[in-house]
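Listed here are the chains, written in short residue letters.
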Amino acid sequence: MRVWRTPEWKLIRDFGNAGRDELYHLTVDPQEHNNLIASEAPEPRAAMTQLDAAIRTRMRAINDPLLDRIDKDVAAPDR
């Protein structure tokens, strides 16, 4: 699992278990009761995209070995 948080949003990515990601709008839901990961609304979609990019950028910066596995899984979708 990897997490990226800003004062407004929090994204939890569980790269090992599809379907377990979580996204919270902390300024509206500080108790993290409403997982917005499946929301089709523009604001949560944009936040998820931005936070996911931040996670991946940090993973590259620290040479996180999980990133290699993720990239391989994307390259080989038949798994």
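It should be emphasised that the depicted structure is a prediction, and the values quoted were computed from it without experimental measurement.

## Digging into the overall build of the chain
Scanning the chain from N- to C-terminus turns up 2 helices and 3 strands. Scanning the chain from its N terminus toward the C terminus, one meets helices and strands in the order β-β-β-α-α. Counting over 79 residues, the chain shows a buried share of 34%. Residue pairs in contact within the chain that sit at least 24 positions apart in sequence constitute 34% of those at least 6 positions apart. Roughly 5400 Å² of accessible area belongs to the chain as shown, and the carbon and sulfur atoms make up 51% of that amount.

## Brief notes about the confidence of the model for the chain
In this model, the chain carries a mean pLDDT of 89, and residues with pLDDT of at least 70 account for 89%. Confidence, expressed as mean pLDDT per element, reaches its minimum in the chain at helix H2 (residues 65-75) with 70 and its maximum at strand S3 (residues 22-25) with 98.

## Side note on the pattern of salt bridges
Applying the stated criterion across every chain yields a total of 6 salt bridges. The residue Asp52 makes a salt bridge to Arg13 at a minimum N-O spacing of 2.3 Å. With a gap of 39 residues between them, Asp52 in helix H1 (residues 42-61) and Arg13 in strand S2 (residues 9-13) connect regions that are remote in the sequence. On the accessibility criterion, Arg13 (14% relative accessible area) is buried. Note that Arg56 and Asp52 form a salt bridge whose closest N and O atoms lie 2.9 Å from each other. Residue Arg56 and its partner Asp52 are both found in helix H1; the two are separated by 4 residues, about one turn of the helix.

## Quick look at the sheet that holds S3
The antiparallel open sheet is built from 3 strands, whose spatial order is S1-S2-S3. On the outer flanks of this sheet lie strand S1 (2-5) and S3, each paired with one strand and no other. Pairwise comparison of adjacent strand axes, ignoring direction, gives a mean angle of 5° for this sheet. As defined by bridge partners, S1 adjoins S2 across 4 bridges and the pair is classed as antiparallel. The residue bridging Val3 from the neighbouring strand is Ile12, located in S2. Together, S1, S2 and S3 form the strand contacts of H1, whose direction differs from that of S2 by roughly 60°.

## What about the pairing of S2?
Burial analysis of S2 places 5 of its 5 residues in the buried class, which makes it a mostly covered element. Between S1 and the antiparallel strand that follows it, S2, lie 3 residues.

Parameters and conventions
Residues numbered from 1 in each chain as written. Predicted model: local features only at pLDDT ≥ 70, side-chain atom pairs only at ≥ 80, totals over all residues. Heavy atoms only, no water. Helix = DSSP H or I, 4+ residues; strand = E, 2+ residues; numbered from the N terminus. Buried < 20%, exposed > 50% of the residue type's maximum accessible area, 1.4 Å probe, protein only. Contact = heavy atoms within 4.5 Å. Areas by Shrake-Rupley, 256 points an atom, 1.4 Å probe, with all protein chains shown as cover. pLDDT = per-residue confidence, 0-100. Salt bridge = Lys/Arg side-chain N within 4 Å of Asp/Glu carboxyl O. Pairing = 2+ DSSP bridges. Axes fitted to C-alpha atoms, helices over the stretch in contact; angles between N-to-C directions.

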